[in-house]
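Commentary on secondary and tertiary structure
Listed here are the chains, written in short residue letters.
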Amino acid sequence: MGNEAGLSASEVGALYERYGFFLRRRCRMVLRDDALADDVLHESFLKIMRGGAELRNVEHPLRWLYCVVDRCCFDHIRKRSHLPKSMDVPDPVGPHPGIQIETRDAILTILEELDDEERRIAMLAFVDGLSQAEIAEELGWSRVTINKKVQAIRTRADRILTEAAGSTRGVP
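Bear in mind that the values here come from a model prediction, so they are computed numbers and not experimental data. (Residues numbered from 1 in each chain as written. Predicted model: local features only at pLDDT ≥ 70, side-chain atom pairs only at ≥ 80, totals over all residues. Heavy atoms only, no water.)

Quick word on the packing of helix α3 (residues 61-79) against helix α5 (residues 116-127)
In plain terms, the rule: For helices, the fitted axis covers only the stretch in contact; all axes are lines through C-alpha atoms, and the angles between them, taken along N-to-C directions, range from 0 to 180 degrees. Put simply, DSSP marks the helices as runs of H or I at least four residues long and the strands as runs of E at least two long, and each gets a number from the N terminus on. An angle below 35 degrees is treated as roughly parallel, one above 145 as roughly antiparallel, one from 65 to 115 as roughly perpendicular, and anything else as oblique. Handedness of a crossing is defined here by the sense of rotation of the near helix relative to the far one, left-handed for an anticlockwise turn of less than a right angle and right-handed for a clockwise turn. Residue contacts are defined here by distance: any two heavy atoms, one from each residue, within 4.5 Å place the two residues in contact. The classification used treats Ala, Val, Leu, Ile, Met, Phe, Trp, Tyr, Cys and Pro as nonpolar, Asp, Glu, Lys and Arg as charged, and all other residues, Gly among them, as polar.
Where α3 meets α5, the closest approach of the two axes is 11 Å, and the angle between their N-to-C directions is 135°. Relative to α5, α3 is oriented oblique. In terms of crossing hand, the pair formed by α3 and α5 is right-handed. Facing Arg63, Cys67, Asp70, Phe74, Ile77 and Arg78 of α3, the residues of α5 in contact are Asp116, Arg119, Arg120 and Met123. Broken down by class, the residue content of the contact of α3 with α5 amounts to 4 nonpolar, no polar and 6 charged.

See the structure below:
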């Protein structure tokens, strides 16, 4: 096993083997830049190696890993407010079955407008497809609070969708 605070190289290698595809996809989807996604994924695994011992005891390892990757992506969004607004990077898998791709893409477009708390909720609701009850349990908040925050985020995303629909109306 690894040290008390982190994981061994073999543990991290096994995690990468099992979850690397999903985590890289997440980075590509959020950052919309393949090279940056690879850098952030590498950075995420370094953080996991140094301080990821608690991963051994979590019920949902992929959800825990998504949280680490999301935080690293959000750090880069804060540092690079000039990330592309378009979704040029192809999505190899597509959105969660309960999420419309247009809604998911609108959410990803407004990520830099959201604070960290809203970003986490947006990712859980509109990318991972968790219910409001699951999000409330995950974050330790009331369902009413999550409902209000999800609705506020959805309203912002709807603005993007409305603007996009308006700009395509004039196109033959």
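Notes on unusual backbone geometry
Even without a glycine there, the phi angle at Arg32 is positive, about 55°. Along the chain, the position of Arg32 falls in the loop between α1 (9-31) and α2 (34-51).

Let's talk about the nonpolar core
To keep it simple, the criterion reads: Throughout this description, the term nonpolar core refers to a set of buried Ala, Val, Leu, Ile, Met, Phe, Trp, Tyr and Cys residues connected via side-chain atoms within 4.5 Å. Per-residue accessibility, obtained with a 1.4 Å probe over protein chains only, is compared with the maximum for each type, and a residue is labelled buried under 20%, exposed over 50%, and partly exposed between these values.
Membership of the largest hydrophobic core comes to 46 residues, with the highest contact counts inside it found for Leu15, Leu23, Val30, Ile48, Leu65 and Leu111. Sorting the residues of this core by element identifies α1, α2, α3, α4 (101-110), α5, α6 (132-139) and α7 (143-169) as the ones contributing at least two each. Take this core: its biggest share by element is 9 residues, from α3. Residues in contact with Leu65, not counting those within four places in the same chain, are Leu15, Tyr19, Leu23, Ile48 and Leu55.

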